[in-house]
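Commentary on secondary and tertiary structure
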Amino acid sequence: MHVSVIGSGYVGTVVGACLADLGHEVVAVDIDPELVDRLNAGEAPIHEPGLQERVDRTVGADGRLHATTDHAELRDTDVTVVAIQTPSREDGSIDLSAVEAATRDVGEVLADKDDYHLVVVKSTVLPGMVEERLVPALEEASGKREGVDFDVAVNPEFQAQGSAVADFLNPDKLVFGTAGFDAQSDAGPSRSADPNSDAVPDPDADAEPTADRALARLHELYAPVVEAADGDVPVVETGRREAAMVKYANNVFLASKISLINELGNVCKEYGVDSYEVADAIGLDERIGSEFLRSGVGWGGSCFPKDTDALRAGAREKGYEPELLDAVVGVNDRQPLRLLELLDRHVDVEDERVAVLGLAFKPDTDDVRGSRAKPVLRGLAERGAHPVAYDPQAAANMREEFPEVEYVDSAAAALESAVGALVVTDWPEFAALDEEFESMATPVVVDGRRIIENREGIVYEGLTW
Ligand SMILES: NC(=O)c1ccc[n+]([C@@H]2O[C@H](COP(=O)([O-])OP(=O)(O)OC[C@H]3O[C@@H](n4cnc5c(N)ncnc54)[C@H](O)[C@@H]3O)[C@@H](O)[C@H]2O)c1
Ligand SMILES: O=c1ccn([C@@H]2O[C@H](COP(=O)(O)OP(=O)(O)O[C@H]3O[C@H](CO)[C@@H](O)[C@H](O)[C@H]3O)[C@@H](O)[C@H]2O)c(=O)[nH]1
């Protein structure tokens, strides 16, 4: 199958390289010429375990993956996967401008295409945005009709950073949202079911039923993924609005689970109870499950903060006050402040060196979007402290936003002469720290990730235990 992936960022690169490695012919389209050059030179533009080897196998003279800035190349493909950023605006609502512009780019190319084309929206968008914003942009730019000349499906992505390749290749589920399915469902009027909509497929047009046509192509797109996973992948076929909401529900549920265990952890700390023992025990109840029960300094990343904010803003726009979701964010905002307060209990950090261990929002990535290290660095600045930060991969990215911070090349260098250490990311190498603590001015270690073992010679505080 010939596949175009528009947007070669965190998601697009992984999707493109994995699909090419599994046998599809893939063209990765991006507006960033530097990124395109790097990919064509065989360099994975992001750090993800397993990605570089897939780029090595697929990019090259006879390779199945190449990159381009020329959107026209998507004309000769059967499917276009849209993996464009959908960031938050100031008020938390979703900024659709980039993905809308990109679908317009796709539409302009489809204007000159005679064959049927499937557009697969992988970007995270709220229910209704595909029908109300992206389909009209495609129809306007192409002069063609959805449901006749092309279809648009919603296929959210659940890969997590640091395990994106493994997650893409072994998904817990695939979600295929199609317009034809909307029309068949009892869930209420959809665009294709709306008799007043100008996008209703022409009944005289010689087109297959939309759901069948789009679904068939989605199944073909993912056939090698399902095959590689021994056929053991549940496929959810549903409407587009439902598919869009599944993505938000998935992320917000996980973020809420972490905030709940953090709230419980804070209470545990007050009682002198080890919240990790409690979490291990409640996780044995299959209705609760053992995943995402690691309490600490909270959740960050490019997705949980933005998707939680977008859903809260969307709910308010619809007239619903999402009280629980507000609290989920409130608890998360408080955790880094509690980390700092625990340090305050032991030392006055004004004019003193404080080690910050970990800057990435999670281990195995250089990504600092939504990182809990940011409120920690801001809190240290407010206290007049001198933060000395170390991260195996993310220092360069953090430096762009916090240039005034001192960045060092090892945890040992960060700890040297520090009056305290704040552990923000659970990089495995931090677990091996031992005599490095001896060089601290006062060996106060406040652990926000349960990665340091309490031992003689240090004053150890766990954030939630
Ligand atoms: N990052 C993740 O782990 C993750 C996981 C699941 C879902 N998502 C969702 O996937 C979407 C993409 O996220 P991301 O993190 O990959 O974003 P990203 O910012 O890393 O990548 C987006 C890419 O699109 C390119 N681009 C922008 N406009 C373009 C255009 N008109 N034509 C071609 N290329 C264009 C940009 O140059 C950039 O390289 C978002 O909606 C996000 O919420 C992300
Ligand atoms: O028990 C836990 C698990 C995670 N985290 C934190 O939660 C954040 C998010 O972690 P994770 O979900 O592993 O990484 P992401 O790459 O942000 O992945 C999430 O966001 C992606 C983008 O939407 C989704 O595709 C994934 O399914 C979803 O897990 C990180 O700051 C983690 O440190 C905790 O604090 N405790």
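An unreviewed UniProt entry lists the protein under the name UDP-glucose 6-dehydrogenase, from Halobium salinum. Per UniProt, the comment on the protein under Pathway (unreviewed entry) is "Nucleotide-sugar biosynthesis; UDP-alpha-D-glucuronate biosynthesis; UDP-alpha-D-glucuronate from UDP-alpha-D-glucose: step 1/1." Entered under Sequence similarities (unreviewed entry) in the UniProt record, the comment concerning the protein runs "Belongs to the UDP-glucose/GDP-mannose dehydrogenase family."

Another aspect to go through is the site of ligand 2. The local shell around ligand 2 holds 20 residues, among which Phe158, Gln159, Gln161, Lys247 and Cys303 are the closest. Residue Arg294 places a main-chain N or O atom 2.9 Å away from an oxygen atom belonging to ligand 2. The separation between an oxygen atom of ligand 2 and a polar side-chain atom of Arg449 is 3.1 Å. A total of 690 Å² of accessible area belongs to ligand 2 in isolation, and the protein chains cover 93% of it. Here the shell around ligand 2 takes three residues from helix H9 (residues 240-271), the largest share from any one element. Looking at side-chain class alone, the shell around ligand 2 contains nine nonpolar, five polar and six charged residues.

With 53 residues, the main nonpolar core has Leu343, Leu359, Leu380, Leu422, Phe430 and Ile452 as its most contacted residues. Breaking this core down by element, the ones donating at least two residues are helix H12 (323-344), strand E9 (353-357), helix H13 (373-382), strand E10 (386-390), helix H14 (395-401), helix H15 (411-415), strand E12 (420-423) and strand E13 (444-447). Beyond its immediate sequence surroundings of up to four residues, Leu359 is in contact with Val368, Ser371, Ala373, Leu377, Ala389, Tyr390, Asp391, Ala394, Ala395, Met398, Tyr407 and Thr425. Grouped together as the second largest cluster of nonpolar side chains are 41 residues, Leu39, Ala44, Leu174 and Leu221 included.

What follows covers the environment of Gly457. Take Gly457: it is sitting in the loop between E13 and strand E14 (459-462). By relative accessible area, which is 63% here, Gly457 ends up exposed. Placed 136 residues apart in sequence, Gly457 and Glu321 show a C-alpha to C-alpha distance of 49 Å.

Turning our attention to the site of ligand 1. Contacts to ligand 1 come from 27 residues, most closely from Val11, Asp30, Thr86, Thr124 and Lys306. Within the side chain of Asp30, one N or O atom sits 2.6 Å away from an oxygen atom of ligand 1. One of the backbone nitrogen or oxygen atoms of Ile84 is found 3.5 Å away from an oxygen atom of ligand 1. Mapped onto the shell around ligand 1, the elements with two or more residues apiece are helix H1 (10-21) and helix H4 (97-110). Classifying every residue of the shell around ligand 1 gives 10 nonpolar, 11 polar and six charged.

It is worth spelling out the pattern of salt bridges at this point. As a working rule, side chains carrying opposite charge can pair if their charged atoms are close by. Taken as a whole, this structure holds 26 salt bridges when the rule is applied. Here Glu157 and Lys122 are joined by a salt bridge, their closest N and O atoms 2.9 Å apart. Taken as a pair, Glu157 in the loop between strand E6 (150-154) and helix H6 (164-169) and Lys122 in the loop between strand E5 (117-121) and helix H5 (129-142) lie far apart in primary sequence, 35 residues in all. The residues Glu157 and Lys122 share a single accessibility class, namely buried. A salt bridge links Arg213 to Asp151, with the shortest nitrogen-to-oxygen separation between them at 3.0 Å. In this pair, Arg213 is assigned in helix H8 (residues 210-228) and Asp151 in strand E6, connecting sequence segments 62 residues apart. Using a relative accessible area of 9% as the deciding quantity, one classes Arg213 as buried. Residues joined by salt bridges that share partners form a network here, namely Asp309, Arg312, Arg316, Glu321 and Asp326.

Okay, the domain arrangement of the protein next. Its domain assignment divides the protein into domain 1 (2-238), domain 2 (249-328) and domain 3 (334-462). Spacing between the C-alpha centres of domain 1 and domain 2 amounts to 30 Å. Each partner contributes residues to the interface: domain 1 has 12 residues there, and domain 2 has nine residues. Counting the surface lost from both domain 1 and domain 2, the interface buries some 700 Å², and carbon and sulfur atoms represent 56% of this. Between the two partners, domain 1 and domain 2, sit zero salt bridges. When the residues that make up the side of domain 1 that touches domain 2 are grouped by side-chain class, the tally is four nonpolar, six polar and two charged.

Residues given the UniProt feature "domain: UDP-glucose/GDP-mannose dehydrogenase C-terminal" (unreviewed entry) here are residues 355-454. Its end C-alpha atoms 17 Å apart, residues 355-454 is made of 22% helix and 18% strand.

Per the UniProt record, "active site" (unreviewed entry) is found at Cys303. Structurally, Cys303 can be placed in the loop between helix H10 (275-282) and helix H11 (304-317). In this structure, Cys303 is in contact with Asn251 and Thr308, ignoring residues within four places of it in sequence.

Criteria and thresholds
- Per chain, residues are indexed from 1 in the order of the written sequence.
- Both sets of labels track the order of writing: A upward for chains, 1 upward for ligands.
- It should be noted that, the model being predicted, local features are given only for residues of pLDDT at least 70 and side-chain atom pairs only at 80 or more, the latter also being counted only at that level, while totals for whole chains, interfaces and linings use all residues.
- Side-chain measures here rest on the full set of heavy atoms in the structure, leaving out hydrogens and waters.
- UniProt positions are given in the numbering used here, feature names are shortened, and annotations may be inferred rather than shown by experiment.
- Working definition: residue near molecule or strand if any one of its non-hydrogen atoms lies within 4 Å of it.
- In the analysis that follows, any N or O atom pair within 3.5 Å is treated as a polar contact, provided that within protein one partner can donate a hydrogen and the other can accept it, and provided that, for residues neighboring in sequence, both atoms belong to side chains.
- Computed with the Shrake-Rupley method and a 1.4 Å probe, the accessible areas treat only the protein chains shown as cover for residues.
- Where helices and strands are cited, they refer to DSSP runs of H or I of at least four residues and of E of at least two residues respectively, numbered from the N terminus.
- For this classification, Asp, Glu, Lys and Arg are treated as charged, while Ala, Val, Leu, Ile, Met, Phe, Trp, Tyr, Cys and Pro are nonpolar and the rest, including Gly, are polar.
- Remark: nonpolar core denotes a set of buried residues (Ala, Val, Leu, Ile, Met, Phe, Trp, Tyr, Cys) joined through side-chain atoms within 4.5 Å.
- Exposed residues in this analysis have more than 50% of their type's maximum accessible area, buried residues have under 20%, and partly exposed residues fall in between, with area computed by a 1.4 Å probe over protein chains only.
- In this description, contact between two residues means that some pair of their heavy atoms is separated by no more than 4.5 Å.
- A pair is scored as a salt bridge if a Lys or Arg side-chain nitrogen falls within 4 Å of a carboxyl oxygen belonging to Asp or Glu.
- What marks off one domain from the next here is an automatic or database domain assignment.
- By convention, the term buried area covers the 1.4 Å-probe accessible surface removed from two parts as they join, with the contributions of both added.

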